[in-house]
Amino acid sequence: EAGASPPNRILKARTPGSTSAKALSGTKAVQMTYAANAASEVRKLSVNSAGQLILSGGYYGTGTLHKVTTTDEDNSVSIVWTDVLGRTVLSRQTNGSTNMDTYYVYDDAGHLCWVVTPEGAAAFGASSFWSLSGTTDVNISNAAKFCYIYTWDGHGRQLSRKIPGKAVEYFVYD
């Protein structure tokens, strides 16, 4: 089922097959709602020139992100916020009353540099940045344990990637 407005956005979807056909008269459908973000709803994370994750960016302003809320057939809710360029900034899965947030952080060139897992988002504290370099402290530990970290060169080629629980992988181009 699509909306009546010009974007013609999908409002309800059902899976094909006889079980879905039986549910047509019921409420078993994936439902989507569209909105904009509210104040203090999504943390604004950024990456500095050294590749560090900056946590002290405050929040995105009201109405600066697109918000799509999807409720599946089992009433599980997922919410995705995207910026004006269509890049996912935050993906939230809800498990009852618990939010599991995954943040996506891009550099000035638009490359995905950090993916902060729900465990990492839960560990956000008073720190202003996370990094993989420097002295050993909780911020480095959190970055290594809970984040996917990517670096890029000026030509848009991936130079390295760090996956949680694994050493940094480096890429060489000739």
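In what follows, the structure referred to is the one given above.
A brief report on the enclosed structure follows.

Rules behind the numbers
- Residues numbered from 1 in each chain as written.
- Predicted model: local features only at pLDDT ≥ 70, side-chain atom pairs only at ≥ 80, totals over all residues.
- Heavy atoms only, no water.
- Core = buried A, V, L, I, M, F, W, Y, C linked by side-chain atoms within 4.5 Å.
- Buried < 20%, exposed > 50% of the residue type's maximum accessible area, 1.4 Å probe, protein only.
- Helix = DSSP H or I, 4+ residues; strand = E, 2+ residues; numbered from the N terminus.
- Contact = heavy atoms within 4.5 Å.
- 1 Å grid on protein atoms, 1.4 Å probe; cavity = no way out; pocket = protein on both sides within 12 Å on 5 of 7 lines; lining within 4 Å.
- Points joined across faces, edges and corners; volume = space filled by probe spheres on them.
- Nonpolar A, V, L, I, M, F, W, Y, C, P; charged D, E, K, R; others polar.
- Lys, Arg positive; Asp, Glu negative; His and termini not counted.
- Salt bridge = Lys/Arg side-chain N within 4 Å of Asp/Glu carboxyl O.
- Polar contact = N/O pair within 3.5 Å; in protein donor to acceptor, adjacent residues only side chain to side chain.
- Pairing = 2+ DSSP bridges.

### Examining the nonpolar core
The biggest cluster of nonpolar side chains holds 22 residues, and the ones touching the most others in it are Val 42, Leu 53, Tyr 103, Trp 114, Val 116, Phe 124 and Trp 130. Where this core is concerned, the elements lending two or more residues are strand S6 (77-82), strand S7 (88-95), strand S8 (98-106), strand S9 (112-116) and strand S11 (147-152). Once residues within four sequence positions are removed from consideration, Val 116 is found in contact with Leu 53, Asp 101, Thr 102, Tyr 103, Ala 121, Phe 124, Trp 130, Phe 146 and Cys 147.

### Quick look at the layout of surface pockets
The volume enclosed by the largest pocket comes to roughly 380 Å³. The wall of the largest pocket is formed by 22 residues, among which Ala 50, Gly 51, Gln 52, Ile 149 and Thr 151 lie closest to the centre. Within the residue set of the lining of the largest pocket, elements represented by two or more residues are S9, S11 and strand S12 (158-162). For the lining of the largest pocket, the class distribution of residues is 10 nonpolar, 8 polar and 4 charged. Space inside the second largest pocket adds up to approximately 300 Å³. Lining the second largest pocket are 18 residues, with Leu 45, Tyr 60, Asp 83, Arg 87 and Tyr 106 sitting closest to its centre.

### Quick word on the side chain of Lys 162
The topology assignment puts Lys 162 in strand S12. Of the side chains with opposite charge, Glu 169 comes closest to the buried, unpaired Lys 162, at an N-O distance of 9.1 Å. Among the polar contacts listed, one links the side chain of Lys 162 to the backbone oxygen of Lys 166, at a separation of 2.6 Å.

### With respect to the pairing of strand S5 (residues 66-71)
Looking at chain direction, strand S2 (residues 30-36) and S5 are connected through 6 bridges and run antiparallel. Residue Ala 35 lies in a different strand from S5, and its bridge partner there is Lys 67. Across 6 bridges, S5 lies against S6 in antiparallel orientation. Within S6, the position partnered with His 66 by the bridge is Thr 82. Linking S5 back to S6 in an antiparallel pair, the connection comprises 5 residues, with Asn 75 at a positive phi of about 65°.

### Some points on unusual backbone geometry
A positive phi angle is found at Ser 40, which is not glycine, with a value near 55°. Secondary-structure assignment places Ser 40 in the loop between S2 and strand S3 (46-47). Although it is not a glycine, Asn 75 adopts a positive phi angle of roughly 65°. Within the secondary structure, Asn 75 is located in the loop between S5 and S6.

Structural measurements only, silent on function.
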